[in-house]
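These are the residues of each chain, in order.
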Amino acid sequence: MDTYRPIVKILRAATALVAAAGVALAAAPSAVAAPTSGAENSNNQVLSWTEMGDWGPKANDFPTVMVNQGMTENISPEGTNVQCVPAPGENPVVMIHGMNSNSYQTYARMTPELKAMGKCLYAFNVGKLGPDEFSVLGSIPTMRNMTPLDTALAELTAKIETLKAETGATEVDIVGHSAGGTLAAAYAKQEQGRGIGTVVSLAGVLHGTSLLGISYGLEELNQFDNAGDKAAGYIVSPSLVDLLQHSEFMAKMNEGGLEQPGVNYVAISTQVDEAVTPMAASQWNAPTSNNILLQDGCSADLSGHIGLTFSPRAIALVANALGRNVEVPCVPVTAVVEG
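Residues numbered from 1 in each chain as written. Predicted model: local features only at pLDDT ≥ 70, side-chain atom pairs only at ≥ 80, totals over all residues. Heavy atoms only, no water.

Colleague: Any chance you could explain the nonpolar core here in plain terms?
Modeller: Considering soluble globular proteins, one finds that nonpolar side chains tend to be buried as a cluster. Formed by 39 residues in total, the largest nonpolar core has its most connected members in Val 94, Leu 183, Val 199 and Trp 284. Element by element, the count of residues in this core is highest for helix α6 (residues 179-190), at 7 residues. Ignoring any residue separated from it by four or fewer positions in sequence, one finds Val 199 in contact with Ile 174, Ala 184, Ala 188, Val 263, Asn 264, Tyr 265, Val 266 and Trp 284. Counting 23 residues, the second largest nonpolar core, distinct from the first, contains Leu 114, Ala 203, Ile 315 and Ala 319. (Core = buried A, V, L, I, M, F, W, Y, C linked by side-chain atoms within 4.5 Å. Buried < 20%, exposed > 50% of the residue type's maximum accessible area, 1.4 Å probe, protein only. Helix = DSSP H or I, 4+ residues; strand = E, 2+ residues; numbered from the N terminus. Contact = heavy atoms within 4.5 Å.)

What follows is the structure, given as structure tokens:
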């Protein structure tokens, strides 16, 4: 019976996630706020090369985002994907979403606030499962960053190359949440630090997650025709397999060291992270990097993994990592409410 316990845990977690998404989607027809058209947003248009849709409304917490999202794919977070000239000495910022998520779900609160501080922001959805690929959670149309991370990384690389060509930028800054932090780190290493100024990881999986210990059981199951990874990929997504401690992707990404010379690395972690465990898995190793714990100086902010991008404290920390100098507030947040 112990052999199947990790699969049972994953099934329970997947069922809970699907149920939560179902509740939000069921509410969407009567509560959804339509994405803002370009004409209503300072007469700007979403840049066509981003392959993203119009803007969704700002949302201060994850449940509101899920209601706003409905079944609409590729919503741009407010403040992103418009023609923009960075302030002198600054770079355009690429916002990368996490696994089983998308740009709007991840950054519906953060990007409007960073935009108000004068940042030029771009947000792309990557990692949509193809017609011949399947996972239980991937059957929800709005889910992204589901493919193997090498596939998502190739998509991200192409988008950043297009961004540079379209804007004339020679460097970008990158903010990534969860698996988006993984992709940010992998991209910087792939490019050997060239063309990248700052990488901000928000609860990013930088060294592989134990997923509250589930990964150890899955690794044991892998002796049976790779059953553990197959279960994780089928129930959740192929990207989850790449995020686990024992994955080939993590071994390759960390081989010879992760951080690259010349890049400013910042990690923002939360001690109540239920997805990236242990906490050290979300922190950089280089002595020149900056690892920030959300609760340092503010034990009242208990934003968890999903709620981190909605935390006013985390948003201020991101802004400061990107060159701003704003006050970092201490706003009480419960781990249950997440925002």
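Colleague: Hey, could you run me through the packing of aromatic side chains in this one?
Modeller: Given two aromatic rings, one states the distance between the centres and the angle between the planes to describe the pair. One pass over the structure, following the stated rule, counts 4 aromatic pairs. Between Trp 49 and Phe 124, the ring centres sit 6.0 Å apart and the planes meet at 55 degrees, which makes this aromatic pair tilted. You can see Trp 49 sitting in the loop between α1 (5-31) and α2 (62-69) and its partner Phe 124 sitting in the loop between β2 (121-123) and α5 (149-167), a full 75 residues away along the chain. Classification of Phe 124 as buried rests on a relative accessible area of 3%. (Phe/Tyr/Trp six-rings, centres within 6.5 Å; stacked < 30°, edge-to-face > 60°.)

Colleague: Teacher, can you tell me more about the sheet that holds strand β3 (residues 172-177) here?
Modeller: Across a sheet, strands are paired by hydrogen bonds formed along the backbone, either parallel or antiparallel in direction. One open sheet holds the 6 strands; their spatial order is β2-β1-β3-β4-β5-β6, and the pairing between them is parallel. Each of the sheet's edge strands pairs with one partner strand only, and the pair in question is β2 and β6 (290-293). Strand-to-strand twist across the sheet, computed as the mean angle between neighbouring axes with direction ignored, equals 15 degrees. As defined by bridge partners, strand β1 (residues 93-96) adjoins β3 across 4 bridges and the pair is classed as parallel. Within β3, the residue paired with Val 94 across the bridge is Ile 174. Relative to β3, α6 is tilted by about 145 degrees, and along the sheet it contacts β1, β3, β4 (196-202) and β5 (264-269). (Pairing = 2+ DSSP bridges. Axes fitted to C-alpha atoms, helices over the stretch in contact; angles between N-to-C directions.)

Colleague: In this structure, what is going on with the pairing of β3? I would like to understand it.
Modeller: Taken residue by residue, a regular strand's side chains alternate between the two faces of the sheet. Burial analysis of β3 places 6 of its 6 residues in the buried class, which makes it a mostly covered element. A two-sided burial pattern is seen for β3, the buried positions comprising Val 172, Ile 174 and Gly 176 on one face and Asp 173, Val 175 and His 177 on the other. Note: β3 against β4, 5 bridges, orientation parallel. Each residue of the ladder has a partner; that of Val 175, found in β4, is Val 200. With respect to chirality, the unit in which β3 leads through α6 into the neighbouring parallel β4 is right-handed. (Right-handed = clockwise from strand over helix to strand, strands pointing away.)

Colleague: In this structure, what is going on with the state of the cysteines? I would like to understand it.
Modeller: Among covalent bonds in proteins, the disulfide is the one between the sulfur atoms of two cysteines. A complete count under the given rule lists 2 disulfides for this structure. The disulfide partner of Cys 84 is Cys 120, and the S-S distance across this bridge is 1.8 Å. What sets the handedness of the Cys 84 and Cys 120 disulfide is the S-S torsion sign, and at about -70 degrees it is left-handed. Of this pair, Cys 84 sits in the loop between α2 and β1 while Cys 120 sits in the loop between α4 (110-116) and β2; the two residues are 36 residues apart in sequence, bridging distant segments of the chain. Taken as a pair, Cys 84 and Cys 120 share a single burial class, namely buried. There is a disulfide in this structure between Cys 298 and Cys 330, and the S-S distance comes to 2.0 Å. Because the torsion about its S-S bond is 85 degrees, the bridge between Cys 298 and Cys 330 counts as right-handed. A residue pair is termed long-range when its members are at least 10 positions apart, and Cys 298 in the loop between β6 and α11 (312-321) and Cys 330 in the segment after α11 qualify at 32 residues. Overall, Cys 298 belongs to the buried group, its relative accessible area being 1%. (Disulfide = S-S within 2.5 Å.)

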